[in-house]
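# Breakdown of the fold
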Amino acid sequence: MKIVVCIKQVPSRDSVLRVNAAGTWIQDADLTYEINEPDAYALEEGLQLKEKQGGEVVALCAGPAGAAQTIREALAKGADRALHIEEENLGAYDPLALARLMAAALTAEKPDLVLTGLQSDDLGYGQTGVILAQLLGVPHATIIMQVEKQEGGIRVKRELEDGWFQHVEMPLPALLTIQSGINKLRYATLMGIKKAKTKEVKRLTAAELGVAPEATIRFARIYLPEKSKHTQILEGAPKEAAAKLVEKLKFEARVL
Amino acid sequence: MIAPGDGWIREEQHGIAGKSTHLNGYPTIEKYMQPFRGVDYLLVDSLFNEEELLVRQTARQFVEDRLMPVIRDCYRDARFPSELIPEMARLGFLGANLEGYGCAGMSNVEYGLIMQELERGDSGLRSFVSVQGALVMYPIYAYGSEQQKQHWLPRLQSGEAIGCFGLTEPGFGSNPAGMKTTARRVGECWVLNGEKTWITNGTASQVAVVWARTDDGIRGFLVEKGTPGYTTSDIHGKWSMRASVTSSLAFADCKIPSANMLPGAKGLKGPLSCLSQARYGIGWGVIGAAMDCYETARQYSIIRKQFDDKPIASHQLVQEKLAWMITEITKAQLLAVHAGRLKDQRKIEPAHISMLKRNNVAIALECARLSRDLLGANGITDEFPIMRHLCNLETVKTYEGTDHIHALVIGERVTGVAAYK
């Protein structure tokens, strides 16, 4: 089974985020980055499927040159090779433009299964995976909690809401967006890290892929949540305070 | 209830995104502390390459996931978490900077970063890995016969066998040249007599690298557990390194095959070269302990309020202590990285390693003391890691060459005059 896992590099979850001087993005000079959390689970699921079924795991990453660190991590954990669509400023593209780039990179690959995280921790559109499935012309299922290979395809378990799950059978090739927590993440072993140095990373650009994405998204302003609630203490005797409270609830909050 | 959709079922299983984040009751201040994410004031990370950062990430995550949940109880119960050995072996931590025989072949900087992360957890865990790699696997690797290497290195790398290193004696610590343990040649055998003490992993070991006086000078021997005349016992009552096994070894007419001598090591420079390996690892390891103390104190000072509902971080005396600590930790990091690069270029000398070990242990100990001070009474409890690190670092100051001895090594280097006697 040939499995492609799409991974994204995002700022570390516990980074101290500061808005840049222009107020358009976060200051990224001293940020540390990590693999997008659901993507880490997608990679692990791909590696486990390969270990059971045989085949190959290819990591696909669209991101700036610095994303090479995240690609190296995927190779160290056991991906066989990687495709790096190397473009700066991909945040200006919408999920459709990004999925077009990724679909173009995958035309020659013809994977049996494409895995993505269900959404990214930074922009969080949750759309890139499903649009990619449409562009590749394969069925998809989202928020996957379990994948089983069976005759002629796969059986997957989707997480719905409020404790509900749905089992779906689907043919291959297919695309799944993976939920965090589906499996137990492995560590990159020291031997794996050393071996990763010799694995192939193919670098591609949008121009080479024949895709000219348009920058459709412009961040107007980024800001920290602004405090909008105020606490008022009603002073005076209980009777007076209660009367004031009722008045406020009637005329200001309008809940009485 | 009828399933609202095709194939829908109801279960108690959720992905991380669906998990409950409500806190039960009122969490203590400890619950507000962030998981350890490293300390990097001066963009020291820019000195590391991709592989080095990945190695550190693996070690850091392992310690966070596997050691942190158990270390407090291990320390209370004076128990080494031996259940972690197989996974550390599988990840490649044992003998990580050696080549071949199943070893990971890491650079010395990568090895150092592993030590840093392990000691961020606990000096006892780092000591275990230091002893196994630098004091047992290294002498076999550097001075052993091919047969000894083939037999022991894969077993030691995989954690199937544990080793210990017997140099220190009850009467001879800083002055190993005075050792009284002897090995006498009798036919095809060596017969060992004497006693070794303060031996990490002693009772847990399948093999001991033992240094003894012979007619031919000091030589190294591999003594296997169960050899008649070889007994071990644990040292109890330690207020330091409680999550580490510390033992005494005794040899009473202990007869071992002549093939168990390390052919390549003759004289004191054999064991001293092993100590250089281990001291190098300590120079990195204690940065981890210092980082953990500093980071705990830093976070605590921002959360803890005292006067006028203001955090204690707003006080100048608190800030001065944090400033001192982060400056010293940064200097220690730079010293370690530079020493590591020199070691990778085979340019490092024992006197360089003395400076690394002595300085970094001293500042780590001071960071532990200052951090304890900043946490006030909370600092003495085992809700926080500081007192544990502080107690451990008192051992680290003494073992593998005391602070004093390393000062004399540096003194001899700059004056040409030895002041050991």
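Residues numbered from 1 in each chain as written. Chains lettered and ligands numbered in written order. Predicted model: local features only at pLDDT ≥ 70, side-chain atom pairs only at ≥ 80, totals over all residues. Heavy atoms only, no water.

## Quick look at the environment of Tyr-75 of chain B
Residue and element names in this part refer to chain B.
- Position of Tyr-75 among the secondary structure elements: in helix α1 (residues 50-77).
- Residues Tyr-75 and Met-241, spaced 166 residues apart in sequence, show a C-alpha to C-alpha distance of 7.9 Å.
- Once residues lying within four places of it in the same chain are set aside, the contact partners of Tyr-75 are Asp-122, Trp-239, Ser-240, Met-241, Arg-242, Ala-243, Arg-388, Cys-391 and Asn-392.
- A polar side-chain atom of Tyr-75 sits 3.4 Å from the main-chain amide nitrogen of Met-241. (Helix = DSSP H or I, 4+ residues; strand = E, 2+ residues; numbered from the N terminus. Contact = heavy atoms within 4.5 Å. Polar contact = N/O pair within 3.5 Å; in protein donor to acceptor, adjacent residues only side chain to side chain.)

## A look at the packing of helix α3 (residues 108-121) of chain B against helix α6 (residues 269-303) of chain B
Residues and elements named next belong to chain B.
- Where α3 meets α6, the closest approach of the two axes is 7 Å, and the angle between their N-to-C directions is 40 degrees. Considering their axes alone, α3 and α6 lie oblique with respect to each other. The element α3 and its partner α6 pack so that their crossing is right-handed. Here α3 contributes Asn-108, Val-109, Tyr-111, Gly-112, Leu-113, Met-115, Gln-116, Glu-119 and Arg-120 to the contact with α6, which in turn contributes Tyr-280, Gly-281, Trp-284, Gly-285, Val-286, Ile-287, Gly-288, Ala-289, Met-291 and Asp-292.
- Taken together, the residues of the contact of α3 with α6 sort by class into 10 nonpolar, six polar and three charged. (Axes fitted to C-alpha atoms, helices over the stretch in contact; angles between N-to-C directions. Parallel < 35°, antiparallel > 145°, perpendicular 65-115°, else oblique. Left-handed = near helix turned anticlockwise from the far one by under 90°. Nonpolar A, V, L, I, M, F, W, Y, C, P; charged D, E, K, R; others polar.)

## Notes on the pattern of salt bridges
- Tallied over the full model, the rule gives 38 salt bridges over all chains.
- Here Glu-52 of chain B ties to Arg-341 of chain B by a salt bridge, and the two come within 2.8 Å at their closest N and O atoms. Here Arg-341 of chain B lies in helix α7 (residues 316-344) and Glu-52 of chain B lies in helix α1, a separation of 289 residues in the sequence.
- Take Glu-52 of chain B: its relative accessible area is 3%, and that puts it in the buried class.
- When salt bridges that share partners are traced, they join Lys-2, Glu-56, Arg-81 and Glu-109 of chain A into one network. (Salt bridge = Lys/Arg side-chain N within 4 Å of Asp/Glu carboxyl O. Buried < 20%, exposed > 50% of the residue type's maximum accessible area, 1.4 Å probe, protein only.)

## Section: the environment of Val-109 of chain B
Residue and element names in this part refer to chain B.
- Tracing the backbone through its elements, the reader meets Val-109 in helix α3.
- Judged by relative accessible area, which is 0%, Val-109 ranks as buried.
- Along the chain, Val-109 and Lys-357 lie 248 residues apart, while their C-alpha atoms are 15 Å from each other.
- In contact with Val-109, not counting residues within four places along its chain, are Phe-48, Glu-52, Tyr-280, Trp-284, Val-337, Gly-340, Arg-341 and Asp-344.

## Things to note about the pairing of strand β6 (residues 189-200) of chain B
Residues and elements named next belong to chain B.
- The sheet contact formed by strand β5 (residues 182-186) and β6 spans five bridges and is antiparallel. By the bridge assignment, Thr-182 is partnered in β6 with Asn-193.
- Counted along the chain from β5 to the antiparallel partner β6, the turn is two residues long, and its residue Gly-187 has a positive phi close to 60 degrees. (Pairing = 2+ DSSP bridges.)

## Some words on the domain arrangement of chain B
Residues and elements named next belong to chain B.
- When cut into domains, chain B gives domain 1 (44-158), domain 2 (163-267) and domain 3 (270-415).
- A C-alpha centroid distance of 23 Å is found between domain 1 and domain 2.
- In this complex, domain 1 contributes 25 residues to the contact, which on the side of domain 2 involves 25 residues.
- Taken together, the two surfaces of domain 1 and domain 2 that pack against each other cover about 1900 Å², and 68% of this comes from carbon and sulfur.
- Looking at the side of domain 1 facing domain 2, the largest losses of area belong to Tyr-75, Tyr-143 and Trp-152, adding up to 31% of the total buried there.
- Put simply, domain 1 and domain 2 have zero salt bridges between them.
- Between domain 1 and domain 2 we count seven residue pairs in polar contact (both at pLDDT 80 or more) in total.
- The set of elements that each furnish at least two residues to the side of domain 1 that touches domain 2 consists of α1, α4 (123-143) and α5 (146-157). (Domains from an automatic or database assignment. Buried area = accessible area lost by both parts, 1.4 Å probe.)

## Comments concerning the side chain of Glu-400 of chain B
Residue and element names in this part refer to chain B.
- With respect to the helices and strands, Glu-400 occurs in the loop between α9 (386-398) and α10 (403-415).
- Here Glu-400 is buried and forms no salt bridge, its nearest opposite-charge partner Arg-279 lying at an N-O distance of 4.8 Å.
- Look past the residues within four positions of Glu-400 in its chain and what remains in contact with it is Leu-135, Leu-275, Ala-278, Arg-279, Ile-282, Lys-357 and His-406. (Lys, Arg positive; Asp, Glu negative; His and termini not counted.)

## Description of the interface of chain B and chain A
- Every contact between the two is made by 43 residues of chain B and, on the other side, 31 residues of chain A.
- Residues Lys-194 of chain A and Glu-99 of chain B are paired through a salt bridge, measuring 3.3 Å at the closest nitrogen-oxygen approach.
- Elements supplying a minimum of two residues to the side of chain B that touches chain A: β1 (8-10), α1 and α2 (85-91) of chain B.
- If one sorts the elements of the side of chain B that touches chain A by residue count, α1 of chain B sits on top with 11 residues.
- By residue class, the composition of the side of chain B that touches chain A is 19 nonpolar, 13 polar and 11 charged.
- Here strand β9 (residues 164-171) of chain A runs beside β1 of chain B; their pairing, made up of three bridges, is antiparallel. Each residue of the ladder has a partner; that of Trp-164 of chain A, found in β1 of chain B, is Arg-10 of chain B.

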